[in-house]
Amino acid sequence: MGKSMIKKITGHQMFIPIMALLLLAVVNLIVDPGFFKVTLGTNNSGDPVLSGSLITILDYGSELAILAIGMTLVTAASGGQDISVGATIAIAGSAMLRVLCGTNTRPETIQAPIIVAFLVACVVGMLCGAFNGALVSIFKIQPMIATLILFTAGRSIAAWINNNELPIVPDPKFKYFGGFIPGIPIPTTVFIVIACIIVIVLVLKFTNLGLYTQAVGINESSSKLNGINPTFIKFLTFVILGLCVAVAALIKVSRISTINYSVIAKDIEMDAILAVALGGNALSGGKFNMWSSILGAYVIQFLTTTLYKFNVQSDALSAYKAVVVILLVIFSAPAVRTYFSGLFAKISASGKGRKEAAK
Amino acid sequence: MSKKKLIKGNLFNRMSDTNLLLIITVVIFFLMYIGAIIFQGGGFTKPQMLFNILNSNAALIITACGMSIVMISGGIDISVGGVVALVSMSCAVYLDFHNGSIIGSFLIALAIGLAYGIVQGLLVAYLDIQPFIVSLAGMFFARGMTTIINTKPFNVENNQAFLNLKQTRITVPGMGSYNRKGIYVPAYIEIGVVVALVLVIILFLVLRYTKLGRSFYAVGGNKQSALMLGINVKRTKFFSHLICSTLAGIGGYVYFLHVGSGSASHAMGMEMNAIASSIIGGTMLSGGVGNIIGTLFGVLSLSTIQNIVSSAGLDQAWWTGITIAAMLCIFLLIQSVVMRQRKRALKS
Amino acid sequence: MDNNRILEMRGINKSFPGVKALQNVDFTLNKGEIHALMGENGAGKSTLIKVLTGVYSKDSGTINLGDKNNVSIRSPQSAQNLGISTVYQEITLCPNLTVAENIYIGRGSSQITNWKKMNTDADKLLQKLDIPARATQQLASCSIAVQQMVAIARAVDMDCKVLILDEPTSSLDEQEVEKLFGLMRDLKALGVGIIFVTHFLDQVYEVCDKITVLRDGQFVGEYEIKDLPRVKLVATMLGKEMDDLSDIKGEQGTYSGENKDERVFEAKELQSDAGIKPFDFYIKKGEVNGFTGLLGSGRSECVRAIFGADRVLKGKVKMHGKEVKISKPLDAMKNGIAYLPEDRKVDGIIGDLSVRDNIIMALQVLKGFFRPFSKKQAEAFADEYIKKLNIKTASSDTPIKSLSGGNQQKVILARWLLMHPEYLILDEPTRGIDVGTKVDIQKLVLELASEGMSVTFISSETDEMLRTCSRLVVMRDRKVVGELTGDDLTQSKIMSTIAGGE
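Fair warning: this is a prediction, and the values are worked out from it, not measured in the lab.

### Focus: the overall build of chain B
A tally of regular secondary structure across chain B gives 15 helices and 4 strands. Taking 348 residues into account, the globule formula puts the C-alpha radius of gyration at 20 Å, and chain B, at 21 Å, falls close to it. With the C-alpha coordinates aligned to their principal axes, the bounding extent of chain B is approximately 75 × 55 × 35 Å. Taken across its 348 residues, chain B has 52% of its residues classed as buried. For chain B, the share of sequence-separated contacts (at least 6 apart) that also reach a separation of at least 24 residues comes to 77%.

Given below as structure tokens:
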């Protein structure tokens, strides 16, 4: 009975991300217990803010968590990944700045309400998603290749939108989204993530999005004969991801009130895909677990923050990340898992044998 | 049922997918080049223009060939750009700081490529981990290692043997042209181009005539069937990654020979260019279809269009990205439409 | 030691997590013998074959090949080297390679491909076996039947001692089956031992010499074909005496309620892009009718057109006399039409989803995107049909892919019955499933009809259709060529109509 219990736990999809999280926590605890300290201080403008590594993780993991939501759906339905999210964040962010600042790169006041700019960014993000989605669903191009197009062109398009200028948003309110709202010590991004999670949970509960995406991802032709329109479902997941991209772009641009076309959200597509994979979701599509992906996103941010704590240069960060990623995937590989479970079985069997012999 | 009825008659259907896509690519390349000559004139009429394209893309040709092989066998390797950067940096440090030998530096490049191939190949083939994830980590690792070896970009200046090799030009007889002053300027290519073209020929022969080469196609076409047909699928996958990474190592050396410097930002996005070239050259990401000659033309098409764009005066940085993307988009659509037409034609 | 013996499997055991697939199974094959391996789905035939071909490794037991004792077969390749060739039900060739390559790849030790020699050799072989394909043709451009024959050509050419044919006939039409049998007899004369797995009883009695029966992963017995008449074979497979397979029609009453003669569905000049000629069709309330014809005659394409599964090009469709538009499956479902597709694996099951989700799928889609069933409701639906159709599954949470073929089919059937359709189309519902389930499904069809449902039933086995249908639409070359009712419903009449040229 104990054995089946262990199997149930280790077999669960959340097992890998939770174990990874625990492992990281333990390493940090041993090296520097101060890692987990959260302090309430004040920032430059005298407002109360929480600080500490955990807060950093929650704060900076936000974009990743939001993207992981959309990426999970895209992965489930199309069996492929969108590698253009970083580039489309640049596009959506650039569009947002264009609306906020107009043609003037150093305006005195913002030229349009923030909400309008955000809605424009949403439309732009969804259009990019629709472009990818159309290539994938209508023209049946593999997702990774279809999104390669925007991946290659995205940052160029973003630069083109603002004529390669770098406008700066003058309104301090715009900073709230990626920072703190005066009087509230918790980073705003945390609330944005919670809002996104609530929305997706409600959507999954009150629509058949989950069932349909999984069905399409597992067996497209069968789904079609059950009355589902696979083309539309795939298209829809890309549009949803586009919306997630717009929200992530808002946070990214808000953090610095401006944009750097070639650097903004760089490599974030890789992290988002890793989050999905780390969450134990098959990258070849089909069944998915949304919570697992979101947790995966924070694990990756946890790793990044930990590495920074160890004074790893930001450029060299990727090498360490790669090693960790490889170790993780090796341990979650089915071949390795069966090997280990076989090993355990052998050990426990020989243990039993010895006991019996002793009797 | 008569025999003729079963064998679908027309040429379009009879041709294999590989050949069909190859022909499309080659035709489009020539049309594009002719178009460039007509509309841009000048440079494009001189053979040196073509040679320049080859000179600056020799490394891409080599890595793209490796990419094609992995893609034909149904995988993908996005670590090649990182490997190229890592090779450049390692060789630069070895030659410049340690005054190493040419042979030694080449062995370093080869060793990095082989090591990458063995590790990634083992993970993909024998542990069944998705190639995208493995090579993603590989890319991260290579980029990170490059910075760890040396943070700042620098040129190799203290190794005369290398500088001589770098300056070596091979004159192509009969292809030169007269400049405005009427002085004959001989056409030349770099050593890297020779390496690239030799590799293209070797790889073409390997893919067409060896058991291993055909296994790549079989595994890419249908893994399960290939297994049933008695092909060692794991070993085949392993070799596809081994060859790809080794080629990335060699490509890295050719790249290094062309630029003569080490930098963490070298070959940024080269993996995407390699994938794009392969696709434009008629390789299908779904595996089983592709051709090395097509890949060569894919690289040439890609850089020709870049040249056309920049000589048309659209040389702001963003136009390059947008053009490549547009071109990729067009080719993907062509592939998609052609394949669908064929399927429909075969069905009825 | 018997010199004639080429294969001996003794005490083979193989288990998977939770299942004992094979327990102490014996199998013996002699030179020049065609040996049928029979059993219901899940009896262990496929597992035994896969152990023999090195796809699975056995847990224990011995395999003796000719004079080699206790050989170990670790991979399909080592099986090939030992002279064991296999042709599977699904095509296990590479569609992107040429016909010649598919015949020769993965064989021999030469590292270099000699295309010229390979192509001439292949052409010779194809000609010898009378297979209508060219060596240089890409395999994907051949029909499924030809692909299957190429697979057989490969096996034949490999100089094998043991040839395994695992349901090779399910995608072949009658002429092609005949050709295959001819081939088998030739090989038999050459001393090749052939293991033949099939669900078609007729075929067993046509070509086989011996029968080995498996049941529930256990060896039941080995019989000479003459000692085991059909009824006994079925009884042995099922492990019980069959009362009678032949007449189930009489047991169920026919529908006699109101609107008996109303045409529930009617199509005029219907045509889809799948290459069928425009056809007229109708079905009355409570009627069971069927499309018959050779494989590839357009049976499935007709019902797919009715359901809107292929793109409909033209035609008028009426439900209860009122004109409706059916251009996609959802339209058909909204009009109360349900369709159980021909290929269960490709078009039917959604493998990784649970039995429950598979059952509610159609009704859920019909109900709408924004109105999901509560978990409780879904559970109730699933439990109801698991009980009703006697689906053998650990729980409604089990992924459908881990069920046996017959039970998967029942789940798909449950999916459509849950929708309570007025008109149910069953395309080969009994293909590749065991005899017991076959009879269950036939009975169910008649029962549903007697309650007023209209059913179109398609099957490759004519006697099955004769048992269930009261009207048959006969097809040839993608065209409707006749309609049979009443006394015309006989094997010979169907055959002559299919053959045409009266």
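On we go.
### Describing the packing of helix H12 (residues 355-367) of chain C against helix H14 (residues 405-417) of chain C
Residue and element names in this part refer to chain C. Contact geometry for H12 and H14: axes closest at 6 Å, N-to-C directions at 35°. With respect to the hand of their crossing, H12 and H14 are arranged in right-handed fashion. Two secondary-structure elements touch here, H12 through Val355, Asn358, Ile359, Met361 and Ala362 and H14 through Val411, Ala414, Arg415 and Trp416. Here the residues of the contact of H12 with H14 are counted per class, giving 7 nonpolar, 1 polar and 1 charged.

### A closer look at helix H4 (residues 115-128) of chain C
All names here are of chain C. Taking 1.5 Å as the rise per residue, H4 with 14 residues should run 20 Å; its terminal C-alpha atoms sit 20 Å apart, in good agreement. When we look at burial in H4, the residues that qualify are Ala122, Leu125 and Leu126. Each buried residue of H4 sits inside an arc of 95° when the element is viewed along its axis, so together they form one side. In H4, the exposed positions angled more than 90 degrees off the buried face are occupied by Lys116, Lys117, Lys124, Gln127 and Lys128. Here the buried face of H4 lies against helix H3 (99-104) and helix H5 (144-157).

### Considerations on the domain arrangement of chain C
The domains assigned to chain C are domain 1 (5-238), domain 2 (261-336 + 422-497) and domain 3 (353-420). Between the C-alpha centres of domain 1 of chain C and domain 2 of chain C the distance comes to 34 Å.

### Quick notes on the nonpolar core
Ala68, Met96, Ala121, Leu148 and Val245 of chain A, Leu328 of chain B together with Val150 of chain C are the most contacted members of the largest nonpolar core, which totals 373 residues. At 17 residues, the largest contribution of residues to this core is made by helix H11 (residues 230-256) of chain A. Discounting chain neighbours no more than four positions away, the residues touching leucine 148 of chain A are Ile83 of chain A together with Met272, Ile275, Ala276 and Leu328 of chain B.

### As for unusual backbone geometry
All names here are of chain C. Here asparagine 24, not a glycine, exhibits a phi torsion of approximately 55°, which is positive. Looking at where asparagine 24 falls in the secondary structure, it is placed in strand S2 (residues 19-30). A count of 14 C-beta atoms within 10 Å places asparagine 24 in the partly exposed class. Unlike most non-glycine residues, aspartate 216 shows phi in positive territory, near 50°. Among the secondary structure elements, aspartate 216 is positioned in the loop between strand S8 (210-215) and strand S9 (218-224).

### Things to note about the interface of chain A and chain B
Each partner contributes to the interface: chain A provides 39 residues, whereas chain B provides 34 residues. Taken together, the elements giving at least two residues each to the side of chain A that touches chain B come down to helix H7 (143-161), helix H12 (268-278), helix H14 (317-332) and helix H15 (334-358) of chain A. Looking at the side of chain A that touches chain B element by element, the count peaks at 13 residues for H7 of chain A.

### Remarks on helix H4 (residues 62-78) of chain A
Residue and element names in this part refer to chain A. Between its first and last C-alpha atoms H4 spans 24 Å; for 17 residues at 1.5 Å apiece the expected length is 24 Å, and the two agree. Burial analysis of H4 places 17 of its 17 residues in the buried class, the great majority of the element. Following H4 by one or two positions, glycine 79 adopts a phi angle in the positive range, close to 65°.

### With respect to the confidence of the model for chain C
Residues and elements named next belong to chain C. Across chain C, the average pLDDT comes to 84, with 93% of residues at or above 70. When the elements of chain C are averaged for pLDDT, helix H8 (residues 230-238) gives the smallest value, 74, and strand S15 (residues 337-340) the largest, 94. Reported for the predicted complex are a pTM of 0.78 and an ipTM of 0.82.

### Focus: the sheet that holds strand S10 (residues 263-272) of chain C
Residues and elements named next belong to chain C. Read from one edge to the other, the open sheet built from 4 strands follows the order S11-S10-S13-S14, with strand pairing classed as antiparallel. What marks the edges here is a single partner per strand, and that holds for strand S11 (279-284) and strand S14 (322-324). Taken over all neighbouring pairs, the strand axes of this sheet differ in orientation by 20° on average, direction set aside. Set on the sheet, helix H9 (residues 299-307) makes contact with S10, S11 and strand S13 (312-319); between it and S10 the angle comes to about 110°.

### Focus on the packing of helix H5 (residues 85-101) of chain A against helix H6 (residues 114-137) of chain A
All names here are of chain A. Contact geometry for H5 and H6: axes closest at 8 Å, N-to-C directions at 150°. Taken as axis vectors, H5 and H6 run roughly antiparallel relative to one another. As H5 runs across H6, the sense of the crossing is right-handed. The residues of H6 that touch H5, namely those facing Thr88, Ile91, Ala92, Ala95, Met96, Val99 and Leu100, are Val116, Ala117, Phe118, Val120, Ala121, Val124, Gly125 and Cys128. Here the contact of H5 with H6 is built from residues that sort into 13 nonpolar, 2 polar and no charged.

### A word on the sheet that holds strand S18 (residues 471-476) of chain C
Residues and elements named next belong to chain C. Judged by pairing direction, the sheet is mixed, and its 6 strands sit side by side in the order S15-S16-S17-S12-S18-S19 without closing on themselves. Each having just a single partner strand, S15 and strand S19 (479-485) make up the two edges of the open sheet. Across the sheet, the mean angle from the axis of one strand to that of its neighbour is 20°, orientation sign disregarded. Relative to strand S16 (residues 423-427), S15 runs parallel, the two being bridged by 4 bridges. Note that in S16 the partner of isoleucine 337 across the bridge is tyrosine 423.

### Re the confidence of the model for chain B
This prediction gives chain B a mean pLDDT of 85; 92% of its residues lie at or above 70. Confidence drops under a pLDDT of 50 for residues 1-9 of chain B, and excluding neighbours within four residues, the segment shows 13 contacts in the predicted structure.

### Considerations on the environment of phenylalanine 106 of chain B
Here phenylalanine 106 of chain B is to be found in helix H6 (residues 102-126). Along the chain, phenylalanine 106 of chain B and threonine 151 of chain B lie 45 residues apart, while their C-alpha atoms are 22 Å from each other.

### Some points on the pairing of S19 of chain C
Residues and elements named next belong to chain C. Note that S18 and S19 share 6 bridges and pair antiparallel. From the neighbouring strand, methionine 475 faces S19, where its bridge partner is valine 480. Hairpin connection from S18 to S19: 2 residues lie between these consecutive antiparallel strands, with aspartate 477 at a positive phi of about 50°.

Parameters and conventions
Residues numbered from 1 in each chain as written. Chains lettered and ligands numbered in written order. Predicted model: local features only at pLDDT ≥ 70, side-chain atom pairs only at ≥ 80, totals over all residues. Helix = DSSP H or I, 4+ residues; strand = E, 2+ residues; numbered from the N terminus. Rg over C-alpha atoms; globule rule 2.2 N^0.38 Å. Buried ≥ 20, exposed ≤ 12 C-beta atoms within 10 Å, placed from the backbone. Contact = placed C-beta atoms within 7 Å. Axes fitted to C-alpha atoms, helices over the stretch in contact; angles between N-to-C directions. Left-handed = near helix turned anticlockwise from the far one by under 90°. Nonpolar A, V, L, I, M, F, W, Y, C, P; charged D, E, K, R; others polar. Expected span 1.5 Å × (residues − 1). Arc of directions from axis to C-beta. Domains from an automatic or database assignment. Core = buried A, V, L, I, M, F, W, Y, C linked by C-beta atoms within 7 Å. pLDDT = per-residue confidence, 0-100. Pairing = 2+ DSSP bridges. Parallel < 35°, antiparallel > 145°, perpendicular 65-115°, else oblique.

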